[in-house]
Amino acid sequence: MKKKACLSFFFPAILLTSLTGKTQEATYALPADKKATKETIALYHNLEKLLNDGIMFGHQDDLAYGVGWKYEPGRSDIKDVTGDYPAVYGFELGRLEIDQPVNLDSVPFDKMKSFIRDAYDRGGVITLSWHLNNPLTGKTAWDPAAGTVASALPGGEKNDLYKSWLDKVAAFILDLKGKHGEYIPVIFRPFHELNGDWFWWGGKNCTPVELKQLYQFTESYLRDKKNVHNLLYAYNTDKFYSKEEYLKRYPGDEWVDVIGFDIYQAYNTASNEDFIRYSGSMLATLDSIATDHKKIPALTEFGYNGLKDSVWWTNTFLKAIAPYKISYALAWRNAGFTNADHYEFYAPYKGQLSAGDFVEFYRNEKTLFQMDVAAKRLYQ
Ligand code: BMA
């Protein structure tokens, strides 16, 4: 248990409230799904309350593999480095729609379900992304063929196919159950980076109206047709420059619970200073939108591939995020090395250059990991 996590045990809640000057009570009403399960509603309210306490650290595929290992029960690069697991676990559904037993990053869906159950049992938060194939061309999510979104909407030639894909997503999500048979709440993050041009649902590849319709259709199909009631819905852009740009494709407050964006130091910014400046201006805008729209702000993906700066965590990343209210920040996956020049990892592993600094980041009052959030009982 980290020192910071003990504070709330020793101070009565009322004193904690007066010390911080902030109410710890949730004020937001119900999530987008008015029939959400009680655990899902509890998560939603607790995510809001937790905004006053700190930023949860998340990691994609954390329990599945890390740099130099795969599928070792209980292992996690974050745990190897800090002794604790992340607070948020990201997993990815791409290729579930085409009946593959493994996702596009080779994670078997049956193993993924058990990782999700493990994470939930520990009190962690689950988020799912979906790099779904292009329903019009049958190619990948990165095939930006014109007319794809229109084809997936009701009346479109691929709407039946798209619905059959949603049936598979619904079946997967409804198979996620805790020890008492309760559905495991999940933050679902479809159509991410939706202002970029690289995915078939993004940027100039469809109109803002079409994207809004796709988002709304997807949510109402899962919720109202498939009776999936354990989802919170995330709306997620890439880099953006203004409130107007951020909200251009926003489907509406009644459809969204979490708002976020993705940022990578290597792709979007040239240096540490730029990263702090750009993410700062986006996080300030996001916080202001979150307050106006009563949504949960999150850094839905981030990373600096290869982590070649030994103090990146405290000297850059923490400086970038600490001034803002952010529910969680999800580091992308530790896929590892193909060879010395080809690698993909966004969190440190044991012995990695930034591992020592990551421990400092872990110890910082502002960051929340598994033990911190387990103590908060997010599903009650
Ligand atoms: C990208 C990369 C790819 C991966 C994809 C989907 O950012 O990590 O290697 O296949 O996400 O997870």
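(A) Looking closely at the packing of helix H12 (residues 312–321) against helix H13 (residues 355–363). At their nearest, the axes of H12 and H13 sit 8 Å apart, and the two run at 40° to each other. Taking contact as the criterion, the partners of Trp312, Trp313, Thr314, Phe317, Leu318 and Ile321 in H12 are, on H13, Asp357, Phe358, Glu360 and Phe361. Looking at the contact of H12 with H13, its residues break down into 7 nonpolar, 1 polar and 2 charged.

(B) Structural view of helix H11 (residues 272–293). When the terminal C-alpha atoms of H11 are compared, their 31 Å separation across 22 residues agrees well with the 32 Å that a helix rising 1.5 Å per residue should span. Of the positions making up H11, those classed as buried are Asn272, Asp274, Phe275, Ser279, Gly280, Met282, Leu283, Thr285, Leu286, Asp287, Ile289 and Ala290. Buried-residue contacts for H11 involve helix H9 (243–247), strand E8 (258–264), helix H10 (265–268), strand E9 (296–303) and H12. At the C-terminal side of H11, Lys294 shows a positive phi close to 55°.

(C) Geometry of helix H7 (residues 159–174). Here H7 contains 16 residues, and its C-alpha end-to-end distance of 22 Å stays within 8% of the 22 Å for a straight helix at 1.5 Å per residue. Residues of H7 that are buried: Asn159, Tyr162, Trp165, Leu166, Val169, Ala170, Phe172 and Ile173. The arc that holds every buried residue of H7, seen down its axis, measures 160°, which confines them to one face. In the core, the buried residues of H7 are packed alongside helix H5 (109–121), strand E5 (125–129), helix H6 (148–152), strand E6 (186–189), helix H8 (208–225) and strand E7 (231–237).

(D) Looking closely at the site of the ligand. Contacts to the ligand come from Asp105, His131, Trp142, Trp332, Arg333 and Glu344. For the ligand, an oxygen atom lies 2.5 Å from a polar atom in the side chain of Asp105. Side-chain polar atom of Trp332 to an oxygen atom of the ligand: 2.9 Å apart, as the coordinates give it. Considered on its own, the ligand offers 300 Å² of accessible surface; in the complex 74% of this is hidden by protein. In terms of residue class, the shell around the ligand is made up of 2 nonpolar, 1 polar and 3 charged.

(E) Fine view of the nonpolar core. Grouped together as the largest cluster of nonpolar side chains are 116 residues, with contacts concentrated most on Met56 and Trp201. Element by element, the count of residues in this core is highest for H7, at 7 residues. In this structure Trp201 touches Trp130, His131, Leu132, Ala141, Val149, Phe191, His192, Leu194, Cys206, Leu211 and Leu214, once residues within four positions along its chain are discounted.

(F) Structural view of the side chain of Asp287. Among the structural elements, Asp287 can be located in helix H11. One buried charge, Asp287, has no salt-bridge partner; the nearest side chain with opposite charge is Lys325, at 7.8 Å. In this view, Asp287 contacts Pro297, Tyr324 and Lys325; residues no more than four positions away in its chain are not counted.

(G) Structural context of unusual backbone geometry. Of note in the backbone geometry, Asn227 takes a positive phi value of approximately 55° without being a glycine. As for its position among the elements, Asn227 is in the loop between H8 and E7. On the basis of relative accessible area, Asn227 is assigned to the partly exposed category, the value being 48%. Phi is positive for Arg377, which is not a glycine, with a value near 45°. Position of Arg377 relative to the elements: it lies in the segment after helix H14 (370–376).

(H) Broad picture of the side chain of Thr367. Checked against the element boundaries, Thr367 lands in strand E13 (residues 367–368). A relative accessible area of 2% places Thr367 in the buried class. A distance of 2.7 Å separates the side chain of Thr367 from the backbone oxygen of Phe361, its partner in a polar contact.

(I) The arrangement of the pairing of strand E4 (residues 88–92) in detail. In terms of residue burial, E4 counts as a mostly covered element, since 5 of its 5 residues are buried. Covered by surrounding structure in E4 are Val88, Gly90 and Glu92 together with Tyr89 and Phe91, the residues of both alternating faces. With 3 bridges connecting them, strand E1 (residues 55–60) and E4 associate as parallel partners. Paired with His59 across the strands is Tyr89, a residue of E4. Sheet analysis places E4 next to E5, joined by 5 bridges and oriented parallel. Residue pairing across strands places Glu92 opposite Ser129, the latter belonging to E5. The parallel pair E4 and E5, bridged by H5, forms a crossover whose chirality is right-handed.

About the criteria used
Residues numbered from 1 in each chain as written. Predicted model: local features only at pLDDT ≥ 70, side-chain atom pairs only at ≥ 80, totals over all residues. Heavy atoms only, no water. Axes fitted to C-alpha atoms, helices over the stretch in contact; angles between N-to-C directions. Helix = DSSP H or I, 4+ residues; strand = E, 2+ residues; numbered from the N terminus. Contact = heavy atoms within 4.5 Å. Nonpolar A, V, L, I, M, F, W, Y, C, P; charged D, E, K, R; others polar. Expected span 1.5 Å × (residues − 1). Buried < 20%, exposed > 50% of the residue type's maximum accessible area, 1.4 Å probe, protein only. Arc of directions from axis to C-beta. Near = heavy atom within 4 Å. Polar contact = N/O pair within 3.5 Å; in protein donor to acceptor, adjacent residues only side chain to side chain. Areas by Shrake-Rupley, 256 points an atom, 1.4 Å probe, with all protein chains shown as cover. Core = buried A, V, L, I, M, F, W, Y, C linked by side-chain atoms within 4.5 Å. Lys, Arg positive; Asp, Glu negative; His and termini not counted. Salt bridge = Lys/Arg side-chain N within 4 Å of Asp/Glu carboxyl O. Pairing = 2+ DSSP bridges. Right-handed = clockwise from strand over helix to strand, strands pointing away.

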